[in-house]
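Structural features, examined
Here is how the chains run, residue by residue.
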Protein chains: 2
Amino acid sequence: MTGTDVIVVGGGVIGLAIAWRAAQRGLSAAVVDPDPGSGASRTAAGMLAPATELYYGERELYGLNRASADLYEGFAAELEAATGLPVGYRAEGTLLTAWDAADLASLHDLHIFHSTLGLSSSMVTGRELRALEPATAPGLPGALLAPDDHQIDNRLLHIALLAAVRSAGVDVVAARASLRVSGGRAVGVLLDDGQELSAGSVVIAGGAWSRQIAGIPEELRPAVRPVKGQTLRVRAPGGPVLTRTVRAKVRGNAVYVVPRAGGELVIGASSEETGFGVEPRAGAIHDLLRDALAVVPELGEAHWESVSTSLRPGTPDNGPLIGATDMEGLLMATGHYRNGILLTPITADAIAALLTGAAVPETALAFAPGRFAAAAFGAGR
Amino acid sequence: MTGTDVIVVGGGVIGLAIAWRAAQRGLSAAVVDPDPGSGASRTAAGMLAPATELYYGERELYGLNRASADLYEGFAAELEAATGLPVGYRAEGTLLTAWDAADLASLHDLHIFHSTLGLSSSMVTGRELRALEPATAPGLPGALLAPDDHQIDNRLLHIALLAAVRSAGVDVVAARASLRVSGGRAVGVLLDDGQELSAGSVVIAGGAWSRQIAGIPEELRPAVRPVKGQTLRVRAPGGPVLTRTVRAKVRGNAVYVVPRAGGELVIGASSEETGFGVEPRAGAIHDLLRDALAVVPELGEAHWESVSTSLRPGTPDNGPLIGATDMEGLLMATGHYRNGILLTPITADAIAALLTGAAVPETALAFAPGRFAAAAFGAGR
C-alpha cells in the first residue's frame, strides 16, 4: 500500500494542473484516470473568453473567469519554460460578429455591460470587421471586438501538463478509481484492478463523470450533469484564414471558429444536449458546418481533419465546484462546464492553497462545493 | 529474379479479382500495390446500379454494366464460399426519388428508356415511397423503383478478395511498380526497392493512378484522369433507417444513401472535381450532409463514423479500358470511373480470358484500350 499527500481523480487539464501546483508546493501527488485527456480537455476549443462568454446574472462567475484569464499568460509561459513544450497561447483577441440588425443591437448592449464591469471591448462596423478579418462573410453588419479574449491550444496544454507533472514526480496511474472512506474521512482510492492507494487528501476532478465516481456519499456527490460539446477540426490549404477567434450567433445558433497558429481551425458551438452519449451526430456536424460556413465561407475549402465529442460538467448555476467538502480529506474541482480550460490556472491555485493551508484566491470562495443542497439537485440522477 | 505468368499492377478490387480468376485458370500471378485497397475500392459505396446509373448515349456501357450485374450474385456467393467471409451482397433494390415535379417528369422519361431496354423499373407515388421507405422525407412527389439495382459492401469485398487471392497462391507485394519493357514487349515490373519481377503479362489495374505508372510508352498510357469521389459513413443508433438504397437529385445535386446490413449507412454524391488531391473538403461534407438530410431527415440522428475520399479513373467516354494493348504482354483494366465495383466480375473474366486464350465476354469487346488515339486525348497530362 503506497501513500501520497494527495490523489487527484481525473487527468484532464484541471486534474493535472492541480497535481502540478501541489507538487510545486512540496506535496507528493498522484493522478488517476483510465485515459488522461480523453474527455473535454481534448474536445474543447481553448477559448479564454471572459468577455464573450459573459452572461447577464453571472457576475460572480465573470469575476472568477477574469481572474483566471489574468493568470493565463504567466501560467502558459511557466509551463512552456518548465517543459520546453509549446502550448499555443495566442493574444489576438476575439470578434463576436452580429448576424443581423437585432443581433447588432444586442452586441451594443453587451458592450455597455462590458463598460460597467470595466471590461475593454469596442464595436466595429461591417467594413471594419472585413478589414480586420477579410475571410468573414460580406454583409455582416458589425461586430464586438474583445481584445482580451485570448486562446490556448488545449491539446498542447494537456500534453505539456502531462510532461510537467511527470517531471515533477507525480505518478499518473491509468485506472478507474473509486473513493475510499474510513472513519468518516477520505483516505484514498480503490483502483479497478483492486489496488488501494492511500492519500491525505483526494481531489475529485472527473469533469462530467465526477458524479459517477463510486464511494462518494450521496449527500456529497457533486451536482454536475453531462452536457455534450462538439468541435470539428479543419485545416485551410492556403494558410491562415483568420487571425482572431470569430464567434457569431447564426439564426440563433452560437458558432465559433478558433484559428490555431499552425493553420488548423477549430469549429464549435454551444450545445445544451445532455446525457452520457458521446457519438457525434451527423445532424450536429451538418449544423456546425452550415453555421460556420455562413460566417466564414472560405472554410468550405478547408480540409476536414476530425470531429471530437465529449461531455462537459454542467452545474445548476453554471459555476464550478472548487474547494473542500463536508468530508475531511475530500475536495472538489469539477463543474467547470463551458470554462474548464479558462479556469484551469485559478482552480489549480485554489486547490493547492487549500491543500497547503495557504490563502485561497478570493474570487474562488463563492464556488465552494457545498452551495447546492443535495436535496435541491434532486435524487435519481 | 522471380517470374510469374502475370503481374497485376494495382491491388484494388479489380486487380485482385483479375489475379483470383487468373489463378483459378492455372496461371501463376502476383499483385503489386503500395497499399492495396486504399483507393476507390475503399471509398466506393458499392452500388450495383445499371438502371439508376444509366445515362442517355451510354448504351454500350449499359450493356457491360448489365452483364456484370448479372454475374454479381454468383460472384459474391463463390467468393464467400471460397473464403468463408461475408461480402454483404443485398438485393433489395434501389429507389431513385424525385425532388420536385420536374424531377418526377425526368424519372418518367428514364422509366420509359428502361422499358425500351427491357429493364425492369416502376414508378411509385409519394405515398407508396413513404410506405416502402418510411424514413424518406414527407412531401417527395414520387420515385422510380429499380428492383435489380443491388449493392455489395465494397470494403468487405476487398477483404474477401485479398483472402481469396492469398489462398490461391497469389503473391501480394506491397510496393510501387513501374513497367519493364524489353525488345518491344512488357516483361515485368521494377519495384521501388530496386527489385525486378518478371512475368509473361502485365495488367495495369491502377485506377486513377494508371496513367502515372512509369515505364508505359507515351502512346500507350491509358486515357484516365482522376475524378474525386467522397463518401461518408454513419450509423443509426436505433437500427436500420432504410431497407433499399435511396438516390435523389436535390436542387440539382445527386446524392445517395446506401443502407448496409449491419446498420451502417453510406452517403455519397456525384462529383466532377478533378485532380489528385484527396483531402476531404469541409464544404463538400457540408453539402453531402445537407442533401442527404433533405431526403432522409432521420440521418441527422445517425452517429458519424468516417469520411473517405479517393480518386476514380474517368475516361473520355466514361467507359473502362479492358483488354490487350498494342504492346505484347501489356493489358489494361482501368478507367472504370463510377462503375468500378459493379464491373469487377466482368473485367476479371475478360482479362482472365485474354490471358488464357479463351473467349472474351462479348459486351467487353467495345471497351478495348486502343479506342482512344493518344493524340486525341492530348499531351501534357
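The written sequence of each chain sets the order in which its residues are numbered from 1. Chain A is the first chain written and ligand 1 is the first ligand written, with later ones labelled in order. With the structure being a predicted model, the display of local features is reserved for residues of pLDDT at least 70 and the display and counting of side-chain atom pairs for 80 or more, all residues being used for whole-chain, interface and lining totals. The side-chain quantities take in all heavy atoms of the structure and omit both hydrogens and water.

**Section: the pairing of strand β2 (residues 29–32) of chain B**
Residues and elements named next belong to chain B. Burial of β2 is two-sided: the residues A29 and V31 facing one way and the residues A30 and V32 facing the other way are all buried. Bridge analysis of β2 against strand β8 (residues 171–173) gives three bridges, and the strand direction is parallel. If you follow A30 over to β8, its bridge partner there is D171. Using a 1.4 Å probe on the protein chains alone, a residue whose accessible area is under 20% of its type maximum counts as buried, one over 50% counts as exposed, and one in between counts as partly exposed. Put simply, DSSP H or I for four residues or longer makes a helix, DSSP E for two residues or longer makes a strand, and each gets a number counted from the N terminus. When DSSP locates at least two bridges between a pair of strands, those strands are taken to pair.

**Focus: the interface of chain B and chain A**
By definition, residues are in contact when any of their heavy atoms lie within 4.5 Å. Listed by partner, the interface residues are 19 residues for chain B and 19 residues for chain A. Throughout, buried area stands for the accessible area (probe radius 1.4 Å) lost by two parts on being put together, summed over both. Three residues, A282(B), H286(B) and W304(B), lead the burial of chain B against chain A; their summed loss comes to 35% of the area buried on that side. Salt bridges are counted wherever a side-chain nitrogen of Lys or Arg sits within 4 Å of a carboxyl oxygen of Asp or Glu. Our count for the chain B to chain A interface comes out at two salt bridges. Two N or O atoms form a polar contact when they lie within 3.5 Å of each other; inside protein one atom must be a possible hydrogen donor and the other a possible acceptor, and for residues adjacent in sequence the pair counts only when both atoms belong to side chains. Here chain B and chain A share ten residue pairs in polar contact (both at pLDDT 80 or more) between them. Elements supplying a minimum of two residues to the side of chain B that touches chain A: α7 (282–295) and β16 (303–314) of chain B. The element best represented in the side of chain B that touches chain A is α7(B), accounting for eight residues. Note on residue categories: nonpolar means Ala, Val, Leu, Ile, Met, Phe, Trp, Tyr, Cys or Pro, charged means Asp, Glu, Lys or Arg, and polar means any other residue, Gly included. Of the residues that constitute the side of chain B that touches chain A, the class distribution is eleven nonpolar, four polar and four charged.

**A word on the nonpolar core**
Counting residues in hydrophobic clusters, the biggest one holds 65 residues, and the most contacted among them are I267(A), L299(A), I267(B) and L299(B). Of the residues forming this core, the biggest block, eight residues, is contributed by α7(B). Apart from the residues lying within four places of it in its own chain, the contact partners of L299(A) are V234(A), V257(A), L265(A), I267(A), A292(A), L293(A), A282(B) and G283(B). By nonpolar core is meant a set of buried Ala, Val, Leu, Ile, Met, Phe, Trp, Tyr and Cys residues that side-chain atoms within 4.5 Å join together.

**Some remarks on the sheet that holds strand β14 (residues 253–259) of chain A**
Within a sheet, neighbouring strands are paired by backbone hydrogen bonds and run either parallel or antiparallel to one another. Residues and elements named next belong to chain A. Taking strand neighbours across the sheet as the criterion, the eight strands line up as β5-β6-β4-β13-β14-β15-β12-β16 in an open arrangement whose pairing is mixed. Two strands close off the open sheet at either side, each with one partner strand: β5 (122–125) and β16 (303–314). Taking the axes of each pair of neighbouring strands and ignoring which way they run, one obtains an average angle of 25° across the sheet. Pairing geometry for strand β13 (residues 245–250) and β14, over five bridges, is antiparallel. Across the sheet, R247 pairs through a bridge with Y256, a residue of β14. The axes used here are C-alpha line fits, helices contributing only the stretch in contact, and every angle between their N-to-C directions lies in the interval 0 to 180 degrees. Contacts from helix α4 (residues 101–116) reach β4 (94–97), β5, β6 (142–146) and β13, with the element oriented near 25° to β6.

**Observations regarding the domain arrangement of chain A**
Many analyses report the size of an interface as the accessible area lost when the parts associate. Residues and elements named next belong to chain A. Domain limits in this description derive from either an automatic procedure or a database domain assignment. With domains assigned, chain A is organised as domain 1 (3–44 + 156–223 + 316–377) and domain 2 (94–147 + 226–314). Taking only C-alpha atoms into account, the centre of domain 1 sits 31 Å from that of domain 2. The partner domain 2 presents 17 residues to the 15 residues of domain 1 that form the contact. In total, domain 1 and domain 2 occlude about 1,300 Å² of area from one another, counting both sides; carbon and sulfur atoms represent 56% of this. On the domain 1 side of the contact with domain 2, T43, A208 and Y337 bury the most area, a combined 50% of that side's loss. At the surface where domain 1 touches domain 2, the tally comes to zero salt bridges. Between the two partners, domain 1 and domain 2, sit six residue pairs in polar contact (both at pLDDT 80 or more). If one sorts the elements of the side of domain 1 that touches domain 2 by residue count, helix α2 (residues 40–43) sits on top with three residues.

**Things to note about the relation of the copies chain B and chain A**
Least squares is used to superpose the copies, and the fit set is the C-alpha atoms of residues whose pLDDT is at least 70 in both copies. Expressed as a screw operation, the relation of chain B to chain A combines 0.0 Å of axial shift with a rotation of 180°, fitting to an RMSD of 0.0 Å. This pairing of chains is accounted for by a two-fold axis. For chain B, the smallest separation between a C-alpha atom and the rotation axis is recorded for H286(B), amounting to 2.8 Å. When the interface residues of chain B are mapped onto chain A, 100% of them are again interface residues, pointing to one common binding face.

**A word on helix α4 (residues 101–116) of chain B**
Residues and elements named next belong to chain B. Between the first and last C-alpha of α4 there are 23 Å, a value that for 16 residues agrees with the 22 Å anticipated at 1.5 Å per step. Within the sequence span of α4, burial applies to D103, L104, L107, L110, F113 and H114. End-on, the buried residues of α4 take up no more than an arc of 165°, which puts them together on one face. Along α4, the residues that are exposed and aim more than 90 degrees away from the buried face are A101, A102, I112 and T116. The inward-facing, buried residues of α4 contact α3 (59–83), β4 (94–97), β5 (122–125), β6 (142–146) and β13 (245–250). The N-cap of α4, judged by a side-chain oxygen 3.3 Å from the amide nitrogen of A102 a few residues on, is D100. Positive backbone phi, at 75°, marks G118, one or two positions downstream of α4. Expected span, for any helix, means 1.5 Å times one less than how many residues it has. What the arc measures is the spread of directions leading from the helix axis to the C-beta atoms.

**Examining the pattern of salt bridges**
Close approach of charged atoms allows side chains of opposite charge to pair. All chains considered together, the criterion is met by 36 salt bridges over all chains. For R66(A), the salt bridge is made with D70(A), and the minimal N-O distance between the two is 3.2 Å. With R66(A) and D70(A) both in helix α3 (residues 59–83), this residue pair falls four residues apart, about one helical turn. Taking the shortest distance from any N to any O, the salt bridge between E78(B) and R21(B) comes out at 2.9 Å. Of the two residues, E78(B) is situated in helix α3 and R21(B) in helix α1 (residues 13–24); the sequence distance between them amounts to 57 residues. The exposure class of E78(B) is partly exposed, given its relative accessible area of 32%.

**Topic: the sheet that holds strand β14 (residues 253–259) of chain B**
All names here are of chain B. Taken in spatial order, the eight strands of this open sheet run β5-β6-β4-β13-β14-β15-β12-β16, and their pairing is mixed. With one partner strand each, in any of the chains shown, β5 and β16 form the two edges of the open sheet. This sheet shows a mean twist of 25° between the axes of neighbouring strands, independent of strand direction. This element, α4, spans β4, β5, β6 and β13 of the sheet and lies at about 25° to β6.

**Points about the packing of aromatic side chains**
We call Phe, Tyr and Trp rings a pair once their centres come within 6.5 Å, taking the six-membered ring for Trp, and we label the pair stacked below 30 degrees between planes, edge-to-face above 60, and tilted otherwise. In total, this model carries nine aromatic pairs over all chains according to the counting rule given. Between W304(A) and W304(B), the ring centres sit 4.8 Å apart and the planes meet at 40°, which makes this aromatic pair tilted. Here W304(B) lies in strand β16 and W304(A) lies in strand β16, a pairing that spans two chains. Judged by its relative accessible area of 8%, W304(A) is buried. Aromatic side chains W20(B) and F75(B) sit 6.0 Å apart centroid to centroid with 65° between the ring planes, which places their arrangement in the edge-to-face category. Residue W20(B) is found in helix α1, and its partner F75(B) is found in helix α3; the two are separated by 55 residues along the sequence. Each of the two residues, W20(B) as well as F75(B), counts as buried. What links up through ring pairs into an aromatic cluster is the set W20(A), Y72(A), F75(A) and Y89(A).

**Some details on the packing of α1(B) against helix α8 (residues 344–356) of chain B**
All names here are of chain B. Close contact between α1 and α8 brings their axes to 8 Å; oriented N to C, the two are set at 45°. By the angle between their directions, the pair α1 and α8 is classed as oblique. When the axes of α1 and α8 are compared, the crossing they make is right-handed. Contacts between α1 and α8 pair V13, I14, A17, I18, R21 and A22 from the former with T344, T347, A348, D349, I351, A352 and L355 from the latter. A breakdown of the residues in the contact of α1 with α8 according to their chemical character gives nine nonpolar, two polar and two charged. Any angle that is under 35 degrees is reported as roughly parallel, and any over 145 degrees as roughly antiparallel; angles of 65 to 115 degrees are reported as roughly perpendicular and all others as oblique. Throughout, a crossing is termed right-handed when the near helix is turned clockwise from the far one, and left-handed when it is turned anticlockwise from it by less than a right angle.

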